[in-house]
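These are the residues of each chain, in order.
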Amino acid sequence: MALEPIAMWGAGRAVAPSDTVRFAAIGTGIRGCELLRASLLVPGVECVAACDLYDGHQYAAREAIQKNVDVTRNYKEILDRKDVDVVIVAVTDHQHHRVVVDACAAGKDVYCEKPMSHNVEDGFAMVEAAQKGSRIVQVGSQRVSSVLYVKAKEIYDSGRLGDVYYIQAYWDRNSSGGSWQYPIPPDASEKTIDWTAFLADAPKRPFDAARFFRWRCFQDYGEGLGGDLFVHLISGIHFITGTNTVPSRAQSTGGLYRWKDGRDFPDLLETQYDYPKFKVSIRCNQNNEGGEFIGFYGTKGTLIIRGSTLTYRPQDTREQPQSYAVMGWPAEMRNEYMAKWKAEHPQQMPLNYKVDDSVEEYTTPPQYSDVADHEANFFQAVRTRKPTVENEVFGNNAAIGCHLANYAYFNKTIAAWDASAKKIRG
C-alpha cells in the first residue's frame, strides 16, 4: 500500500509575501545543495544568500536554487543580514558548534545537518545556545519526518508489537561514493578554498584537498560511520519508539579492512547499545551492499523497515501443548499431560476464532522526498514557534549515541554514559 504524503504547510494555496520565510544556506557542498533543491518543494520559503569555503560550491548553490543569490565565504556576513530569518547549516561536523551557536546568538532559527555535534561538549553548548536564544532548531535526520516512519510509529504505539526488547538496524554500502572517496574537483587549491577557515579549531596542517572534500574520513572533522549513518538509524529508532534519551552504555567492534586511503575511521562498525527498555544492535559496513534496515522484534509482532518499504507481521501467540518437551516421558504420562492441557485450554469454535496472520506492507509515494517533508516541518515550526520533530535535545541525544560508539571502538572498552556529569566514561 502506498502511503499518502503528509500535507505540507501552505500546500494547495498561495502564500502571502508576509508569511514567506527567508533563509540562507551555510555550507553548500553535496548535502547543502541537496537541501537547497528540496527547499524548492516547500511553499512559502525563499533562499536569499549562500556561504561556502569553496568557490565551486558557491556556484553549485546558485544552480541548485535556480537563482543568482548573494554568495560569500564568511558565514558571519550571513548572520549580519536583516533579511535572513533562518540558516540551513550543512558544514563539516567540527564546524557545527560555532556556526550554530553564533546563529542562535544572532537571532536566527537553525536547521542543522546531522550529527548535531562533533563531540559531547559541543552538543550541550549548542542546546544551551538554542534555549537561551529561544531559537527553533531542527536537526537533519530527515527519516523522522518520513510518512513511512510516521506509519511505523503508529503501529508501534498501537501495541500490536507487544513488548519490544530487541531492535536491530544496519546500513551497508559497497561503493567508493558510499565510502566517502569522493572525486576532487580539478580546480581545488588554496585559491579556490579558504583552507584556514576550514581548519578552524582543528589541528593545523598544510593544504590537503582530500581532507576538505572527504572530511568524513577523518576524526578532526567528522564522526565517520557514526555521524554519517548510525545517527539516521538511532534517530529513527528514537522517533518510532518515543525514546528521547541516551543509551546507558555501548560496546563496539569493527575495523578498517578495505578503504585504506589515509582515513582514520573504520569501514566496518558494529555497536550494541543498552537502553532502559530494550537493546539495540547497529551495524554499518562499507564493504557490502546491504541497504538500510531497522527491525523491531516484539512479543506479538515484527516491524521491518527496509529502504522505502515497511512491513508488519503478527506472530501466532496462541498457547500450544509442549509435545516436544514431553517426548522423554512414558506414553501414559504424556497422554495424561495432553488430556489435562486440552481440558485447561478449550479451543474456540472455528467460526468464532480467527488468528490474525495478515501481513501489512506500506511504501512511500512515487517521487517522495522525506528531505522536503523534514524541511517543511522545520519551516512550519519557525512560523508557529512550536518545537520541531527533531529539536536540539532530540538531536543531541542521537549524536551522543554516535559518540558512544566511536569512544567504545577507539578505546577498546565499554563506553558508559554518565548523565549527571554529561560525560562518556570508559
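Criteria and thresholds
- Residues numbered from 1 in each chain as written.
- Predicted model: local features only at pLDDT ≥ 70, side-chain atom pairs only at ≥ 80, totals over all residues.
- Heavy atoms only, no water.
- Helix = DSSP H or I, 4+ residues; strand = E, 2+ residues; numbered from the N terminus.
- Contact = heavy atoms within 4.5 Å.
- Areas by Shrake-Rupley, 256 points an atom, 1.4 Å probe, with all protein chains shown as cover.
- Lys, Arg positive; Asp, Glu negative; His and termini not counted.
- Charge placed at Lys NZ, Arg CZ, Asp CG, Glu CD.
- Phe/Tyr/Trp six-rings, centres within 6.5 Å; stacked < 30°, edge-to-face > 60°.
- Buried < 20%, exposed > 50% of the residue type's maximum accessible area, 1.4 Å probe, protein only.
- Lys NZ or Arg CZ within 6 Å of the ring centre and 35° of its normal.
- Pairing = 2+ DSSP bridges.
- Axes fitted to C-alpha atoms, helices over the stretch in contact; angles between N-to-C directions.
- Core = buried A, V, L, I, M, F, W, Y, C linked by side-chain atoms within 4.5 Å.
- Parallel < 35°, antiparallel > 145°, perpendicular 65-115°, else oblique.
- Nonpolar A, V, L, I, M, F, W, Y, C, P; charged D, E, K, R; others polar.
- pLDDT = per-residue confidence, 0-100.
- Salt bridge = Lys/Arg side-chain N within 4 Å of Asp/Glu carboxyl O.

Per the secondary structure count, the chain includes 12 helices and 16 strands. Taken along its principal axes, the extent of the C-alpha atoms in the chain is 90 × 55 × 40 Å. Taking the intrachain contacts of the chain between residues at least 6 apart in sequence as the baseline, contacts between residues at least 24 apart amount to 72%. When the accessible surface of the chain is split by element, carbon and sulfur atoms take 50% of a total near 19900 Å². Of note, the chain has its 48 positive side-chain charges centred 1 Å away from the centre of its 53 negative side-chain charges.

Evaluated as defined, the whole model comprises 19 aromatic pairs. Both rings, one in Phe-212 and one in Phe-213, keep their centres 4.9 Å apart while their planes meet at 75°; by these two values the pair is edge-to-face. One exposure class covers both Phe-212 and Phe-213, and it is buried. Here the aromatic cluster, defined as three or more aromatic residues joined through ring pairs, consists of Tyr-54, Trp-195, Phe-198, Phe-207, Phe-212, Phe-213, Phe-218 and Tyr-221. Between Lys-153 and the ring centre of Phe-239, over which it is positioned, the NZ or CZ distance is 5.7 Å.

The next subject is unusual backbone geometry. With an omega of -15°, the peptide bond running from Lys-114 to Pro-115 counts as cis. Within the fold, Pro-115 resides in the loop between strand E5 (109-113) and helix H5 (120-132). Positive phi, normally seen in glycine, also occurs at Ser-134, with a value near 50°. Relative to the elements of secondary structure, Ser-134 occurs in the loop between H5 and strand E6 (137-140). Of note in the backbone geometry, Arg-385 takes a positive phi value of approximately 65° without being a glycine. Along the chain, the position of Arg-385 falls in the loop between helix H11 (370-384) and helix H12 (392-411).

This part takes up the sheet that holds strand E8 (residues 249-255). Pairing between the strands of a sheet comes from backbone hydrogen bonds, and it takes one of two forms, parallel or antiparallel. Strands sit in the order E14-E13-E12-E11-E7-E10-E9-E8-E15-E16 across an open sheet of 10 strands; the sheet is mixed. Both outer strands of the open sheet, strand E14 (360-363) and strand E16 (423-425), are each paired with one neighbouring strand and no more. Across this sheet, the average inter-strand angle for adjacent strands is 15°, counted without regard to direction. Here E8 pairs with strand E15 (residues 415-418) via two bridges, running antiparallel. Considered in E15, the bridge of Arg-249 is made with Ala-416. Across the sheet, H12 touches E8, strand E9 (268-274), E15 and E16, and the angle it forms with E8 is around 60°.

Across the sheet, which stays open at both edges, the six strands sit in the order E3-E2-E1-E4-E5-E6 with parallel pairing between neighbours. The sheet terminates laterally at strand E3 (70-72) and E6, the two strands that pair on one side only. Sheet twist, expressed as the average angle between the axes of neighbouring strands with direction ignored, equals 25°. Of the strand pairs in this sheet, E5 and E6 are connected by four bridges, and their pairing is parallel. Paired with Val-110 across the strands is Val-137, a residue of E6. Here helix H4 (residues 93-105) sits on the sheet in contact with strand E1 (21-26), strand E4 (86-89) and E5, set at roughly 165° to E5.

Attention now goes to the nonpolar core. Counting 67 residues, the largest nonpolar core has Phe-230, Tyr-273, Phe-296 and Leu-404 as its most contacted members. In terms of residues, this core owes the most to one element, helix H9 (residues 224-241), which gives nine residues.

Across seven bridges, E8 lies against E9 in antiparallel orientation. Residue pairing for E9: Arg-249 is matched across the bridge by Asp-274.

Glancing now at the packing of H5 against H12. When two helices pack together, their arrangement is given by the angle between the helix axes and by the axis-to-axis distance. Where H5 contacts H12, the two axes come as close as 10 Å, and the packing angle between them is 180°. Judged by the angle between their axes, H5 and H12 are roughly antiparallel. Within the contact between the two elements, H5 uses Val-120, Gly-123, Phe-124, Val-127, Ala-130 and Gln-131 and H12 uses Glu-392, Val-393, Asn-396, Ile-400 and His-403. Here the contact of H5 with H12 is composed, by residue class, of six nonpolar, four polar and one charged.

A few words on the confidence of the model for the chain. The share of residues in the chain with pLDDT of 70 or more is 95%, and the mean pLDDT across the chain is 94. Counting contacts from residues 9-13, a segment whose pLDDT is below 50, to residues more than four positions away or on other chains yields eight contacts.

This part covers the pattern of salt bridges. Oppositely charged side chains can pair when the atoms bearing their charge come close. Applying the stated criterion across every chain, the model contains 25 salt bridges. Put simply, Asp-261 and Arg-263 hold a salt bridge, and the shortest N to O gap is 2.9 Å. Of the residues examined, Asp-261 reaches a relative accessible area of 31% and is grouped as partly exposed. As a salt-bridge pair, Lys-279 and Asp-274 come within 3.1 Å of each other at their nearest N and O atoms. Judged by its relative accessible area of 43%, Lys-279 is partly exposed. Relative accessible area serves as the criterion here: at 12%, Asp-274 is assigned to the buried category. Through salt bridges with shared partners, one network takes in Lys-114, Arg-173, Arg-216 and Asp-228.

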